[in-house]
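Below, each chain spelled out in residue letters.
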Amino acid sequence: TAVSALTPIIDYLELIEQRRWNLYTKNGIKVLLPEDIATTAEYEPNNAIAQLIKINETNKILSRDITTIDLRDSRRILIQDK
């Protein structure tokens, strides 16, 4: 799965309301993942993580001084600075 590429930087995962996951990196970034439901099959968690990996490869986003990356909307990524 896509998440295996992030394994070295993942601190822990948190299940939110039995519907979706938040991923926390070792440097303190919270990544909000989309729900894995039939209505969002084109943008399920693995696709969101693959998008995050691609963005990180080009922009080193996971090394920046940010608190949150919101991947719940397939049309845009929201980033909150510290």
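I will try to describe carefully the structure that is included in this document.

## Remarks on the nonpolar core
Across soluble globular proteins, nonpolar side chains have a tendency to be buried as a group.
Logical step 1: Grouped together as the largest cluster of nonpolar side chains are 17 residues, with contacts concentrated most on L6, V31, L52, I69 and L71.
Logical step 2: In terms of residues, this core owes the most to one element, helix α1 (residues 45-59), which gives five residues.
Logical step 3: Once residues lying within four places of it in the same chain are set aside, the contact partners of I69 are I29, K30, V31, L32, L52, I61, L62, I77 and L78.

## Focus on α1
In an α-helix, one turn spans 3.6 residues, which is why side chains three or four residues apart end up on the same side.
Logical step 1: With 15 residues, α1 should cover 21 Å at 1.5 Å per step; its first-to-last C-alpha distance of 21 Å lies within 8% of that length.
Logical step 2: Every buried residue of α1 is accounted for by P45, A48, I49, L52, I53, I55 and N56. The arc enclosing the buried residues of α1, seen along the axis, measures out at 165 degrees, which places them on a common side. Exposed residues lying more than 90 degrees from the buried face of α1 are K54, E57 and T58.
Logical step 3: Against the buried residues of α1 lie β3 (30-32) and β4 (66-70).
Logical step 4: Remark: K60 follows α1 within two positions and exhibits a positive phi of approximately 50 degrees.

## Details of the pairing of strand β1 (residues 10-16)
Every other side chain in a regular strand lies on the same face of the sheet, so the side chains alternate between the two faces.
Logical step 1: The pairing of β1 with strand β2 (residues 20-25) spans six bridges and is antiparallel. If you follow L13 over to β2, its bridge partner there is L23.
Logical step 2: Connecting β1 to the antiparallel partner β2 that follows it, the hairpin turn spans three residues, and E17 within it adopts a positive phi of roughly 50 degrees.

## So, the pattern of salt bridges
Logical step 1: According to the stated counting rule, one finds six salt bridges in the structure shown.
Logical step 2: Here R76 ties to D73 by a salt bridge, and the two come within 3.9 Å at their closest N and O atoms.
Logical step 3: Ionic contacts of the salt-bridge type, sharing partners, join the residues E17, R19 and E35 into one network.

## Comments concerning the pairing of β2
Logical step 1: The buried fraction of β2 amounts to five of the six residues, a majority that puts the element mostly inside the structure.
Logical step 2: Between the antiparallel neighbours β2 and β3 lie four residues, among them G28 with a positive phi of about 90 degrees.

## Brief notes about the sheet that holds β4
To summarise the sheet geometry, strands pair through backbone hydrogen bonds and adopt either a parallel or an antiparallel arrangement.
Logical step 1: Overall, mixed pairing links the five strands, which are arranged β1-β2-β3-β4-β5 in an open sheet. The open sheet terminates on both sides in strands that have one partner only, identified here as β1 and β5 (78-81). Within the sheet, the average angular offset between the axes of one strand and its neighbour, ignoring direction, is 15 degrees.

Rules used throughout
Numbering of residues starts from 1 in every chain and runs along the sequence as written. Whole-chain, interface and lining totals are the exception, using all residues; otherwise, since this is a predicted model, local features are given only for residues with pLDDT of at least 70 and side-chain atom pairs are given and counted only at 80 or more. Only hydrogens and water are set aside; all other atoms, that is, all heavy atoms of the structure, feed into the side-chain values. Nine residue types can take part in a nonpolar core, namely buried Ala, Val, Leu, Ile, Met, Phe, Trp, Tyr and Cys, and a core is a set of them joined through side-chain atoms within 4.5 Å. Only protein chains enter the area calculation, which uses a 1.4 Å probe; residues under 20% of their type maximum are buried, those over 50% are exposed, and those in between are partly exposed. Helix numbering and strand numbering both begin at the N terminus, where a helix is a DSSP run of H or I of at least 4 residues and a strand a DSSP run of E of at least 2. Residues are treated as being in contact if the distance between any of their heavy atoms lies within 4.5 Å. Multiply 1.5 Å by the residue count of a helix minus one, and that product is the helix's expected span. Directions pointing from the helix axis toward each C-beta atom define the arc. Pairing between strands is defined by DSSP: at least two bridges between the two strands are required. The rule for a salt bridge is simple: a side-chain nitrogen of Lys or Arg has to be within 4 Å of a carboxyl oxygen of Asp or Glu. In this analysis, axes come from line fits to C-alpha atoms, helices being fitted only over the stretch in contact, and the angle between any two N-to-C directions falls in the range 0 to 180 degrees.

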